[in-house]
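Chain by chain, the residues:
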Amino acid sequence: MLAGLGAAGVLAVLIWKRNLASRVTFLRFVIQLVAFAAIFYIFSYSAFIPMLYELIVLFALTIFLGRFFCGWLCPLGLILDVEILARRALKVRYRILPDKLNIILHKGRYLIALVFLLTPVILWLLDPQEIMVSPLMAQLLAGHYRPYGILLDPMIPFIVPWSNTATLNVAGVNLSYPYTQNIITFTGAEFGLIFAVAFVGATLVGGFLVRRVWCRFCPTGCSIASVNQFKGLGGVPLLHIDKDEEKCTKCGVCKRVCPLQVNEVYDQKGGKIKTSQCMLCARCVEMCPYEGTLKLKLGSKTVFKSRNWLDPSNSE
Amino acid sequence: MKNETVERKYLPEMPRKEMDELRNTVKTASQKIIADNIEHMKKADPHRPEAMKYFDEMADLFGKRQKEIAAEKEKGKKVIGYLCLFAPTELIMAADAIPVRVNSGWYDTSKLGDRVVPVEVCPVIRSTIGAKMIELSPFLEQSDALISVLTCDGMTKLGEILGDTKIVWGMNIPRIKDSTQSLRFWNDEIKHMKTQIETFTGNKITRKNLKEAIETSHRATKAFRRLQELRKGNPVIMGRDAMLVNQAYTWDDKKRWTEKTEVLCDELEKRAQRKDWVCSPDTPRVMVTGTPMFWPDNWKLPTLVEEGNPQGIIVADEQCSGERILNDPIGVDEWSMDDMLNAMSERYLMASTCPCFTSKDGNEDRINWLLNKVKEWKIQGVIYYVVRGCMLYAMEYTRVKKALDKINVPVYYLDTEYTREDVGQMKTRVEAFLEMLNARIDI
């Protein structure tokens, strides 16, 4: 594993030197891989306690970093990014979702999250005998449905095949894939597996054709974003993208390269980009051809800004 | 070349002899003007960079480059001319053809153009028509086909008029630049142009070729930006020299141009280290915006500014004959054919600050871009140059003035014609403006 990390490091340095236009993307890949390994390490011990810790750390980070997790750490995001790479290698063009659908999906994620979170409560209210006399809190936390699990699920794709917290058993092989266990428990044993397999297929194929398709309505992303939407917390997230309207010629590059098809970077007139759709992957900042127009800022400090990337790029 | 027997719809039939006579007269005069302009540029800057010699050579429209293109044509290469910057030159390059811009800057031919179109029409159009009538412009004559982008009214009809003797492909550009449907439409136009160029040249535009072409123009943009960056500090190059360099790109070989510009930049960097300025650093820094100024004849304004008394220095311009040629690169995300074409259509449509566009907030990009330029290049005064008949630029003046008034930068509206008669009067006007700028600096 160390050798692998070293090789990845060397590769990253080489690409860093060669190519200005995809530096950040490669840095992001390296961080994603490291995060993948770290999360693998945590989950390979036990399930429940690290999950809670993760949840706490995640929400604490959110205040400072916004949806940084989605763009830079999420293992499911890594899978979707690898799919993007595969598609690029096969020279297949991505499909673009219509803006309207994209926004409906974006708003709909709250609904999805609510359904997941509230179903156990509603079921318990309808039929309190089912799970004896467990109080509501215990039902939420340790009950049969584990609704909090959906907030952590993007972290477990193909990582913990042996753990029984999120296992999808297909033809004797245990796979772990986000949300599948939830789907199985929620739909019941008879249809559960079919739904789960269909879900896996749909996300994988969808992720191949449409960039980062799941992230557009991911319930975890929604929970992260909701922290940033309290009124009076205008300062959060500290990590954000900032635009200089005067330097912008509205060439539209930012809009096109965005894997989530966020329009706000293009539409908004300067200042801090206010949208919970953006996952701060900084692809737009990296590709913006006007020096200093887009900036990734932490508080008032610039982490990284758009530059003159005009060295011909050899990335494929 | 179209069949000569086809009836001409616009252009008059001229006897061959008269045509030749006229051409020779204008050509001789023009060669003299080119030499004269270059002489002036040399005199203005005693330590003119060595690398400018190459561009002087290129500046002779009837000289080296014409012969080169002729030689390439003999080898079977096609030449595709274009009238507006929105023509996708990368596609032309990818199809192994030579792109040249064919707009004309000859004063004398604009009088000839009067025979075809009324005097009220923009002189750039009239001059190009006149040049076609007497077959003066070497690049226009050499081009096998023309891409005419329907930007302003003049350009729309100019394509039609030139269609009398040339194959002309129109490209319909949407006038609203920030809506998805315009972009889709323009993208289709670009795709159509690709097939048209492919069938015409017989070369297929492959992914690899197009990528190479885009990278060539990236390198050129990089060199161009380096030159612009050097103009931000104390003046190390005369504005006219830089304008000529930029404009030479439209007819020069793109790779060679990039190399030579890099050499020029190296030299200028050394010059900046020596603190060998072309004029006193207190000289008012002027930006020119408005109607394009085409080499060779329409060079009177930069000459007047930089040789006036008091002197000014042009450190930036916002014209489609100048910095707009190369300012915007093509931002390709995935290097697949579709993505490259998409990126190209976005670059040509959305990044442009041509006043023929409008958008949700009017043509605000242009205003923002001007404000940014004023700030970054420390501009002290803006000359808004308009030739009579150039409606779009003239109409946008009020808005530009309001925006620049807010940041307290004086703008001067200078309207003129394709003629040498008003040089004296223009001199007075320009010098008065420069005098005023000087006074402001003293305070």
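Asks: Would you take a moment to explain the environment of Y10 of chain B for this structure?
Replies: Residues and elements named next belong to chain B. Following the sequence through the fold, Y10 ends up in the segment before α1 (16–44). Take Y10: its relative accessible area is 33%, and that puts it in the partly exposed class. Taking the C-alpha atoms as reference, Y10 lies 10.0 Å from T165; in sequence the two are 155 residues apart. Those residues in contact with Y10, other than ones at most four positions away along the chain, are V116, K157, E160, I161 and D164. A polar contact is formed between the side chain of Y10 and the side chain of E160, at a distance of 2.7 Å.

Asks: How should I be thinking about the pattern of salt bridges in this particular structure?
Replies: Pairing of side chains with opposite charge becomes possible as their charged atoms draw close. Taken as a whole and judged by the stated rule, the model has 59 salt bridges over all chains. The structure contains a network of salt bridges with shared partners spanning E57, K64, R65, E68, D252 and R256 of chain B.

Asks: How do you make sense of the sheet that holds strand β3 (residues 239–243) of chain A when you look at a structure like this?
Replies: The strands making up a sheet associate through backbone hydrogen bonding, with each pair oriented either parallel or antiparallel. Residues and elements named next belong to chain A. Pairing is antiparallel across the open sheet formed by four strands, whose spatial order is β4-β3-β5-β6. Each edge of the open sheet is held by one strand with a lone partner, namely β4 (271–272) and β6 (301–305). Of the strand pairs in this sheet, β3 and β4 are connected by two bridges, and their pairing is antiparallel. If you follow D242 over to β4, its bridge partner there is K272.

Asks: Is there a simple way to think about the sheet that holds strand β1 (residues 79–82) of chain B in this case?
Replies: Residues and elements named next belong to chain B. Taken together, the four strands give an open sheet; going across it, the order is β2-β1-β3-β4, and neighbouring strands pair in parallel fashion. Looking at strand neighbours, the two that pair on one side only are β2 (98–101) and β4 (167–171), the edges of this open sheet. Each adjacent strand pair in this sheet contributes to an overall mean axis angle of 25 degrees, direction not counted. Sheet analysis places β1 next to β2, joined by four bridges and oriented parallel. In the strand pairing of β2, Y82 is matched with R101. Against the sheet, helix α8 (residues 153–162) engages β3 (145–149) and β4, with an angle of about 160 degrees to β3.

Asks: Explain the pairing of strand β6 (residues 313–318) of chain B to me, please; I cannot follow it from the model alone.
Replies: Remark: a regular strand shows side chains that alternate across the two faces of the sheet. Most of β6 of chain B is tucked away, with six of its six residues classed as buried. For the segment spanning strand β5 (residues 285–290) of chain B, helix α13 (residues 300–307) of chain B and β6 of chain B, crossover handedness is right-handed.

Asks: For this particular structure, what's the right way to read unusual backbone geometry?
Replies: Most peptide bonds take the trans configuration, and most residues that are not glycine carry a negative phi. For the bond running from W295 of chain B to P296 of chain B, omega is 0 degrees, close enough to zero to count as cis. Position of P296 of chain B relative to the elements: it lies in the loop between β5 and α13. The backbone of Q261 of chain A shows a phi angle near 55 degrees, a positive value even though the residue is not glycine. For Q261 of chain A, the location among the structural elements is in the loop between α12 (253–257) and α13 (264–267). We note that W335 of chain B has phi near 60 degrees; this positive angle belongs to a residue other than glycine. Take W335 of chain B: it is sitting in the loop between β6 and α14 (337–349).

Asks: Where do I start with helix α2 (residues 52–59) of chain B in this structure?
Replies: The α-helix winds at 3.6 residues per turn, so residues separated by three or four positions along the chain end up facing the same way. Residues and elements named next belong to chain B. In terms of burial, α2 is a largely internal element, six of the eight residues being buried. Three or more residues of α2 are buried, namely M52, Y54, F55, D56, M58 and A59. Those residues of α2 that are buried are in contact with α1, α3 (64–74), α11 (239–248) and α12 (254–274).

Asks: What am I meant to see in the state of the cysteines here?
Replies: Defined simply, a disulfide is a covalent bond joining two cysteines at their sulfur atoms. Residue and element names in this part refer to chain A. Going through the model one piece at a time under the given rule, you end up with zero disulfides over all chains. Unpaired in this structure, C74 has its nearest cysteine sulfur neighbour in C215, at a distance of 6.3 Å. Judged by relative accessible area, C74 falls into the buried class, the value being 8%. In this structure C284 is a free cysteine whose sulfur lies 6.3 Å from that of C278, the closest cysteine sulfur available.

Asks: Can you walk me through the packing of aromatic side chains in this structure?
Replies: Given two aromatic rings, their pairing is described by the distance between the two centres and the angle made by the two planes. This structure, assessed with the given rule, holds 15 aromatic pairs over all chains. With a centroid separation of 5.8 Å and 65 degrees between ring planes, the pair formed by Y290 of chain A and W369 of chain B is classed as edge-to-face. Of the two residues, Y290 of chain A sits in the loop between α14 (283–287) and β5 (294–298) while W369 of chain B sits in helix α15 (residues 364–376), which places them in two different chains. For the pair formed by Y290 of chain A and W369 of chain B, the shared burial category is buried. Note on W169 of chain B and F200 of chain B: the rings are 5.3 Å apart at their centroids and 85 degrees apart in plane angle, and the pair reads as edge-to-face. Of the two residues, W169 of chain B is situated in strand β4 and F200 of chain B in helix α9 (residues 180–201); the sequence distance between them amounts to 31 residues. For W169 of chain B, a relative accessible area of 8% puts it in the buried group. Note on F200 of chain B: relative accessible area 22%, which makes it partly exposed. Three or more aromatic residues joined by ring pairs form one cluster here, namely Y384, Y397 and Y413 of chain B. Between the NZ or CZ atom of R211 of chain A and the centre of the ring of Y94 of chain A, over which it lies, the distance is 3.7 Å. Its guanidinium or amino end placed over the ring of W377 of chain B, K373 of chain B lies 5.4 Å from that ring's centre, counting from NZ or CZ.

Rules used throughout
Residues numbered from 1 in each chain as written. Chains lettered and ligands numbered in written order. Predicted model: local features only at pLDDT ≥ 70, side-chain atom pairs only at ≥ 80, totals over all residues. Heavy atoms only, no water. Helix = DSSP H or I, 4+ residues; strand = E, 2+ residues; numbered from the N terminus. Buried < 20%, exposed > 50% of the residue type's maximum accessible area, 1.4 Å probe, protein only. Contact = heavy atoms within 4.5 Å. Polar contact = N/O pair within 3.5 Å; in protein donor to acceptor, adjacent residues only side chain to side chain. Salt bridge = Lys/Arg side-chain N within 4 Å of Asp/Glu carboxyl O. Pairing = 2+ DSSP bridges. Axes fitted to C-alpha atoms, helices over the stretch in contact; angles between N-to-C directions. Right-handed = clockwise from strand over helix to strand, strands pointing away. Disulfide = S-S within 2.5 Å. Phe/Tyr/Trp six-rings, centres within 6.5 Å; stacked < 30°, edge-to-face > 60°. Lys NZ or Arg CZ within 6 Å of the ring centre and 35° of its normal.

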